[in-house]
Amino acid sequence: MGQLDGLKTVVTGAGGGIGAAIAVAYAEAGAAVTVVDINGAAAEAVAETCRGHGAAADAIQADCGDLAAIDAMLEQAASAMGGIDVIVNNAGVTRHAFILDLTEADWDRMFRVNAKGVFFCMQGAAKRMKAQGSGRIINIASVAGRGYQSSSNAAYAGTKGAVLAMTYLAAHQLGRFNINVNAICPGVTYTEIVSNLLRDRAAERGVTIEQMKQEAEKSIPIRRGNDPEDVAAMAVFLASPGARNITGQGFNVDGGLINS
Ligand SMILES: NC(=O)c1ccc[n+]([C@@H]2O[C@H](COP(=O)([O-])OP(=O)(O)OC[C@H]3O[C@@H](n4cnc5c(N)ncnc54)[C@H](O)[C@@H]3O)[C@@H](O)[C@H]2O)c1
């Protein structure tokens, strides 16, 4: 018996990194998984891994910054699985940039996926969960949204602050429908997004990537960055029966980096 036996789950941005780890952890815990990513081949590869764990899993290629694509994705996922019990809104984008170098294009690119996409995935899933009488929504924010000073950039931090604020309001308004809404704020997590940031920062500072990594870990009380599986463990818990009375919260998974 898995913790998530029989649950119908959707994970966005699950073609790699944290989203892929969550999709695989959900499959291992007994859930059916719809793996969504803008990169269809990557989504299919992760769905295949989930099937390897005995789970029912499908891949959907969708741009989670596009409303029509979000609607079509949710419709396809709900009809294939027979509903949506859990959605993890994980798709997100950023780049390493100093505040004075950020452009309107950067702002639009990040807010389109990280804030607008999360909102409309959440709204579309909530409509279906309301009709079912239950649901769990898990939004992947970031310690950037809590003001972590070494975040990739200030506008990205704004998108993640938006995710936290939307999580609190959505939990308040959707609780009456037995829908729980929570956020996870990962700290430094070793995925592609972070490898790119470390590479850019190392080049900027004239040090090696390993030196950059050691420096980042010095400021983490537990002296360790996350593996994507550390974030996935919290996503499994928030989808599980034990979390039924937890809603409207943001949980840091960050080795003690941030205390708020
Ligand atoms: N890695 C970290 O240190 C870290 C820390 C805090 C928060 N986060 C957040 O966690 C989430 C996942 O980050 P990650 O490090 O795994 O990133 P990643 O870049 O490794 O993976 C992101 C995935 O999202 C997909 N994606 C991008 N744009 C998309 C779109 N428009 N529609 C659908 N899919 C899209 C990508 O193809 C990729 O597979 C993001 O929201 C990120 O902001 C990451």
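Owing to the predicted nature of the structure, the values given are computational and were not obtained by experimental measurement.

**Some details on the domain arrangement of the protein**
Thought 1: According to the domain assignment, the protein consists of domain 1 (8-187 + 229-249) and domain 2 (190-225).
Thought 2: Inter-centroid distance (C-alpha atoms) of domain 1 to domain 2 is 25 Å.
Thought 3: On the domain 2 side, the residues contacting the 11 residues of domain 1 number 8 residues.
Thought 4: Of the roughly 650 Å² buried between domain 1 and domain 2, counting both surfaces, carbon and sulfur atoms make up 59%.
Thought 5: On the domain 1 side of the contact with domain 2, Thr94, His96 and Ser150 bury the most area, a combined 59% of that side's loss.
Thought 6: Summed over the shared surface of domain 1 and domain 2, the result is 0 salt bridges.
Thought 7: In this structure, the connection of domain 1 to domain 2 is made through 4 residue pairs in polar contact (both at pLDDT 80 or more).

**Some details on the pattern of salt bridges**
Thought 1: Applying the stated criterion across every chain yields a total of 7 salt bridges.
Thought 2: Between glutamate 75 and arginine 128 there is a salt bridge, with its nearest N and O atoms 2.8 Å apart. Of this pair, glutamate 75 sits in helix α3 (residues 67-81) while arginine 128 sits in helix α4 (residues 104-132), and the two are 53 residues apart along the sequence.
Thought 3: For arginine 95, the salt bridge identified is with aspartate 106, shortest N-O distance 2.8 Å. One end of the pair, arginine 95, is in the loop between β4 (86-89) and α4; the other, aspartate 106, is in helix α4, with 11 residues separating them in the sequence.

**Topic: helix α1 (residues 17-28)**
Thought 1: With 12 residues, α1 extends 17 Å between its outermost C-alpha atoms, agreeing within 8% with the 16 Å of an ideal straight helix rising 1.5 Å per residue.
Thought 2: α1 sits mainly inside the fold: 10 of its 12 residues count as buried.
Thought 3: With its phi angle positive at about 100 degrees, glycine 30 sits one or two positions after the end of α1.

What counts as what
- Residues numbered from 1 in each chain as written.
- Predicted model: local features only at pLDDT ≥ 70, side-chain atom pairs only at ≥ 80, totals over all residues.
- Heavy atoms only, no water.
- Domains from an automatic or database assignment.
- Contact = heavy atoms within 4.5 Å.
- Buried area = accessible area lost by both parts, 1.4 Å probe.
- Salt bridge = Lys/Arg side-chain N within 4 Å of Asp/Glu carboxyl O.
- Polar contact = N/O pair within 3.5 Å; in protein donor to acceptor, adjacent residues only side chain to side chain.
- Helix = DSSP H or I, 4+ residues; strand = E, 2+ residues; numbered from the N terminus.
- Expected span 1.5 Å × (residues − 1).
- Buried < 20%, exposed > 50% of the residue type's maximum accessible area, 1.4 Å probe, protein only.

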